[in-house]
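# Commentary on secondary and tertiary structure
For reference, the chains in residue letters:
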Amino acid sequence: LAYLCKMLGKLTGWDDTIVALATPPGIGAIGLIRVSGPKTFGIVGGLFPAKDLREQPSHTLHVGLLKEGEETLDEVVVSLFRGPRSYTGEDVIEISCHGSPYILERVMQALLHAGARLARAGEFTQRAFLNGRLDLTQAEAVADVIAANTAASARTALHTMRGGFSRELRDLRERLISFSALIELELDFSQEDVEFADRKQLYHLISEAEQMTSALLASFRLGNVIRNGVSVAIVGKPNAGKSTLLNTLLNENRAIVSEIAGTTRDTIEEVLNIDGVLFRLIDTAGIRHHTSDVIEQIGVGRSLEKMDQADIVVYLFDVADPIAGVAAVREELVAKGKPFLLVGNKVDTAEGAAARGRFPGELLISARDGHSIDVLKQRLVDQVLQGAGAGDGTIVTNARHYHALQLIQLSLSAIRKGLDELLPGDLLALDIRHCLHYLGEITGEITTEDRLDYIFSKFCIGK
Ligand code: GDP
């Protein structure tokens, strides 16, 4: 396979020395340019007259002027990484320049003149994968780390990157491989009616694997939620204080919307970042303009549709409201079967003094002066993490992995069924092979060119 990759590399330009700006475009204190490939030391060395970089040991830093001919481009720091002990597995040099777009542009041009070519999106990580520095789930997690908006999503992405997810799957795959080898061996001795593969042990392994896959599948929803944000609908009668609450929440926790993928939509959504979990407040235009949340007397009425779209509903009532009305709302919310928080607002008012007695057990806040807003935020986060088996376990965040896991689950139950029905070894071996195939699809041990290109094209250039 390594040989094939090399041959393919020659044809598709994987053998080139590539260069890209690794820091975001624009003005920054420092701009980082990354060069990777067989000619890295020659190309960068040619622009760095202070010393001969080819003579310097790996993993060292050198300060000096970067020059093209007589022209000084910048004073830079170069970091040297010789393959295979580098991110891509090839020779890599990172050049830290001053962060002016003009200087960076000049340095890039000089490197291109000297024989490097511009990297395609994700090409650095693609090379890391092809050189065995990362497996496929780890490579995809790199993309997720780059795109991670919040602390929580960065944590899950980092966990996958360190190999948590793939370690479990690879372990399972290896154990299955040894079983299938034993079963195939039996087939060679089919006349003799021997059993090398212990069926009981296999059964045990399959049960374990089934448990693991269903836990991973269950984590997908949570992972998705952490990555894409949890949608929250704030509903309640007019004047309950919804827009006041919205503003109070946004003042402290507004997430920078332009950085979040997929938020440029037609509908207006405000995004909150609470403890690293993203919350999307849906239909905030309706709250601000008192349009779509006209609610009949006590019922949840027209906000039903909005509630249907939300992962969590925050129903706000005024502590001056009649007790019976609030109780009826609670019943309706329970009947809906969707996670909700029923919250009494305006505890700072004259009615508020008596509210604790009138609504025992309900969360009471003041949207205006911020009373118990921190409790409300904590409850929102609890709703997300609750029951999702979060812990510090592995969380599946990737749709491709999810799909493959579903197929793994199906093939595991086929193996189990086969064992129950005492299927002959050759049929059992076939089912095991299916399962191995899907496992390999996740960790990248089996894959196709197309799929690789697709995955790596999602990266930003310079990674
Ligand atoms: P919405 O119609 O549900 O969006 O309600 P608003 O946020 O527009 O609030 C209606 C009125 O209640 C406004 O006059 C707010 O100033 C007032 N209000 C909202 N929250 C509080 C609160 O916590 N305490 C008090 N005293 N008044 C509040």
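### Some remarks on the pattern of salt bridges
- The final tally for this structure, using the stated rule, is 15 salt bridges.
- Measuring nitrogen to oxygen at the nearest pair gives 3.3 Å for the salt bridge that ties K346 to D318. Taken together, the residues K346 in the loop between β11 (340-345) and α13 (352-358) and D318 in strand β10 (residues 312-318) connect sequence positions 28 residues apart.
- According to the relative accessible area criterion, K346 is partly exposed, its value standing at 25%.

### Examining helix α12 (residues 323-336)
- Helix length check: α12 (14 residues) gives 20 Å between terminal C-alpha atoms against 20 Å at 1.5 Å per residue, within 8%.
- Among the residues of α12, those classed as buried are G325, V326, V329 and L333. Projected onto a plane normal to the axis of α12, the buried residues spread over an arc of 95 degrees and lie on a single side. Exposed and oriented more than 90 degrees from the buried face of α12 are A324, E331, V334 and A335.

### Some words on the packing of aromatic side chains
- Scanning all chains against the criterion turns up one aromatic pair.
- With centroids separated by 4.9 Å and ring planes inclined at 55 degrees, the aromatic side chains of F317 and F359 adopt a geometry described as tilted. On the criterion of sequence distance, the pair formed by F317 in strand β10 and F359 in the loop between α13 and β12 (363-364) is long-range, its members being 42 residues apart.
- Judged by its relative accessible area of 3%, F359 is buried.
- Between R34 and the ring centre of F124, over which it is positioned, the NZ or CZ distance is 5.4 Å.

### Some words on the sheet that holds β10
- If you trace the six strands from one edge of the open sheet to the other, you get β8-β9-β7-β10-β11-β12, paired in mixed fashion. Since the sheet does not close on itself, it has two edges, and those belong to β8 (270-274) and β12, each with one partner.
- Bridge count for strand β7 (residues 230-236) against strand β9 (residues 277-281) is three bridges, and the pairing is parallel. Counted as the bridge partner of V230 is F279 from β9.
- Against the sheet, α12 contacts β10 and β11, and its axis sits at roughly 165 degrees relative to β11.

### Some remarks on helix α16 (residues 425-443)
- For α16, which comprises 19 residues, the first-to-last C-alpha distance of 27 Å matches the rise-based estimate of 27 Å (1.5 Å per residue) to within 8%.
- Every buried residue of α16 is accounted for by G425, L428, A429, D431, I432, C435, L436, L439, G440, E441, I442 and T443.

### Structural notes on the sheet that holds strand β5 (residues 92-98)
- One open sheet accounts for six strands, arranged β3-β4-β5-β2-β1-β6; its pairing is mixed. In the strand order of this sheet, the two ends are held by β3 (60-68) and β6 (117-118), each with one partner.
- Pairing of strand β1 (residues 18-21) with β6, which is carried by two bridges, proceeds in the parallel orientation. Directly across from I18, in β6, lies its bridge partner R117.
- Lying over the sheet, helix α4 (residues 123-130) contacts β1, β2 (30-36) and β6, oriented at roughly 135 degrees with respect to β1.

What counts and what doesn't
- Residues numbered from 1 in each chain as written.
- Predicted model: local features only at pLDDT ≥ 70, side-chain atom pairs only at ≥ 80, totals over all residues.
- Heavy atoms only, no water.
- Salt bridge = Lys/Arg side-chain N within 4 Å of Asp/Glu carboxyl O.
- Helix = DSSP H or I, 4+ residues; strand = E, 2+ residues; numbered from the N terminus.
- Buried < 20%, exposed > 50% of the residue type's maximum accessible area, 1.4 Å probe, protein only.
- Expected span 1.5 Å × (residues − 1).
- Arc of directions from axis to C-beta.
- Phe/Tyr/Trp six-rings, centres within 6.5 Å; stacked < 30°, edge-to-face > 60°.
- Lys NZ or Arg CZ within 6 Å of the ring centre and 35° of its normal.
- Pairing = 2+ DSSP bridges.
- Contact = heavy atoms within 4.5 Å.
- Axes fitted to C-alpha atoms, helices over the stretch in contact; angles between N-to-C directions.

Function cannot be read off these values alone, since they describe shape.
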